[in-house]
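# Inside the fold
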Amino acid sequence: MLDQLNASFNFMQQSLSLHAQRQEVLSANIANADTPNYKARDFDFSSQLDAALQDSQAGMSSARTLAVTSPGHMAGAASGALDDPQLGYRIPAQSSLDGNTVDMDMERVNFAENSLHYQADLQMITNHIQSMTTVMRGSE
Amino acid sequence: MPSIFDISGSALTAQSQRMNAVSSNLANADSVADPHGQPYRAREVVFQADIQPGEAVGGVTVSQVVENQRPLRREYSPGHPMADAQGYITMPNVDPTEEMVNMISASRSYQANLEVLSTHKTLMSKTLSMGQ
């Protein structure tokens, strides 16, 4: 039963975590908007989410399981562990003299969109927790 | 990965250092150089991405402050007490137009990073109250 509860949270957890990571990448781009030769980074959200979900499904058999060195130990698996996403480089719409490829408008739009997605994820998790609590209370 | 607070915080520091350089340049734009001393040269900060080994992204840091090597301005002003034998005084190589542009650019970047920081703060406090 707890496994099912965990699985239903897994998707949202991965999505939230990836959004948080993308937020960091975008904020680093904005921070380095004036750094000569800095190349703007980003990753493809949907493909990284797919990879993370597959990873976490295979998590039980992967190296992220706890080592059992004594018969008293319980076997545990870290299903929520997320690898760093594969970062790519942006292709600039127009080149700048100092070799910097940060397009401030694009980064800020992406940042705003990403923070909205993060909030949506949070809201979904909150709603999910609330429905679970309602079910557990039953007819009280 | 470093936290957004570190990343945007480093950008705020770097941009205000740039602002310091601009204000120093503008303040000294008309400092007449002593005929025997070193005249004031415009300062410029050099930004560098501050990416720790093993990390993919990072903040920004000021790697050095360089002096502008443009020739100093020479002004003909024979009545000036600091004038040399030919009647010229040496003025700093500060270009006020360039400094103003630099100032606006720095303040815009500062604003952008501050917005990132406050958005992140809001998101984090919402995360802390998750499920409530």
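Residues numbered from 1 in each chain as written. Chains lettered and ligands numbered in written order. Predicted model: local features only at pLDDT ≥ 70, side-chain atom pairs only at ≥ 80, totals over all residues. Heavy atoms only, no water.

Here we come to the overall build of chain A. When you go through chain A residue by residue, the secondary structure sums to 3 helices and 2 strands. Starting at the N terminus, the α and β elements of chain A follow one another as α-β-α-β-α. In chain A, which comprises 140 residues, the proportion classed as buried is 38%. Within chain A, contacts between residues separated by at least 24 positions form 77% of all contacts whose residues are at least 6 apart in sequence. Surface exposure of chain A reaches about 8,300 Å², of which carbon and sulfur atoms provide 56%. (Helix = DSSP H or I, 4+ residues; strand = E, 2+ residues; numbered from the N terminus. Buried < 20%, exposed > 50% of the residue type's maximum accessible area, 1.4 Å probe, protein only. Contact = heavy atoms within 4.5 Å. Areas by Shrake-Rupley, 256 points an atom, 1.4 Å probe, with all protein chains shown as cover.)

Residues and elements named next belong to chain A. At a closest axis distance of 10 Å, the pairing of helix H1 (residues 2-31) and helix H2 (residues 45-57) adopts a crossing angle of 135°. Considering their axes alone, H1 and H2 lie oblique with respect to each other. The hand of the H1/H2 crossing is right-handed. Contacts between H1 and H2 involve Asn-10, Phe-11, Gln-14, Ser-15, Leu-18 and His-19 on the former and, on the latter, Phe-45, Gln-48, Leu-49, Ala-52, Leu-53 and Ser-56. The residue makeup of the contact of H1 with H2, split by class, is 6 nonpolar, 6 polar and no charged. (Axes fitted to C-alpha atoms, helices over the stretch in contact; angles between N-to-C directions. Parallel < 35°, antiparallel > 145°, perpendicular 65-115°, else oblique. Left-handed = near helix turned anticlockwise from the far one by under 90°. Nonpolar A, V, L, I, M, F, W, Y, C, P; charged D, E, K, R; others polar.)

On to the nonpolar core, then. Counting residues in each nonpolar core, the largest one holds 22 residues, and the members touching the most others are Phe-43 of chain A together with Phe-47 of chain B. Of all elements in the fold, only H1 and H2 of chain A together with helix H1 (4-27), strand S1 (43-50) and strand S2 (59-67) of chain B reach the threshold of two or more residues within this core. When near neighbours in sequence (up to four residues on either side) are disregarded, Phe-47 of chain B contacts Asp-34, Thr-35 and Pro-36 of chain A together with Ala-14, Gln-15, Arg-18, Val-60, Thr-61 and Val-62 of chain B. (Core = buried A, V, L, I, M, F, W, Y, C linked by side-chain atoms within 4.5 Å.)

A few words on the UniProt feature "domain: Flagellar basal body rod protein N-terminal" (unreviewed entry) in chain A. Residues annotated in UniProt with the feature "domain: Flagellar basal body rod protein N-terminal" (unreviewed entry) correspond here to residues 16-39 of chain A. Span residues 16-39 of chain A is 67% helix and 0% strand, its end C-alpha atoms 26 Å apart. (UniProt positions renumbered as here; feature names shortened; annotations may be inferred.)

Our next topic: the environment of Met-136 of chain A. Position of Met-136 of chain A relative to the elements: it lies in helix H3 (residues 104-137). As a C-alpha pair, Met-136 of chain A and Gln-86 of chain A span 50 residues in sequence and 40 Å in three-dimensional space.

On to the side chain of Glu-99 of chain B, then. With respect to the element layout, Glu-99 of chain B can be found in helix H2 (residues 96-128). Here Glu-99 of chain B is in contact with Val-22, Asn-25, Leu-26, Ala-42 and Val-94 of chain B, once residues within four sequence places are set aside.

With that out of the way, let us pick up the UniProt feature "domain: Flagellar basal body rod protein N-terminal" (unreviewed entry) in chain B. Residues annotated in UniProt with the feature "domain: Flagellar basal body rod protein N-terminal" (unreviewed entry) correspond here to residues 6-30 of chain B. Taken end to end, residues 6-30 of chain B is 88% helix and 0% strand, and its first and last C-alpha atoms sit 38 Å apart.

With 24 residues, H1 of chain B extends 34 Å between its outermost C-alpha atoms, agreeing within 8% with the 34 Å of an ideal straight helix rising 1.5 Å per residue. Within H1 of chain B, burial applies to Ile-4, Ile-7, Ser-8, Ser-10, Ala-11, Leu-12, Ala-14, Gln-15, Arg-18, Ala-21, Val-22 and Asn-25 of chain B. For H1 of chain B, the elements touching its buried residues are H1 of chain A together with S1, S2 and H2 of chain B. In this structure Ser-3 of chain B caps H1 of chain B, since a side-chain oxygen of it lies 3.1 Å from the backbone nitrogen of Phe-5 of chain B. (Expected span 1.5 Å × (residues − 1). Polar contact = N/O pair within 3.5 Å; in protein donor to acceptor, adjacent residues only side chain to side chain.)

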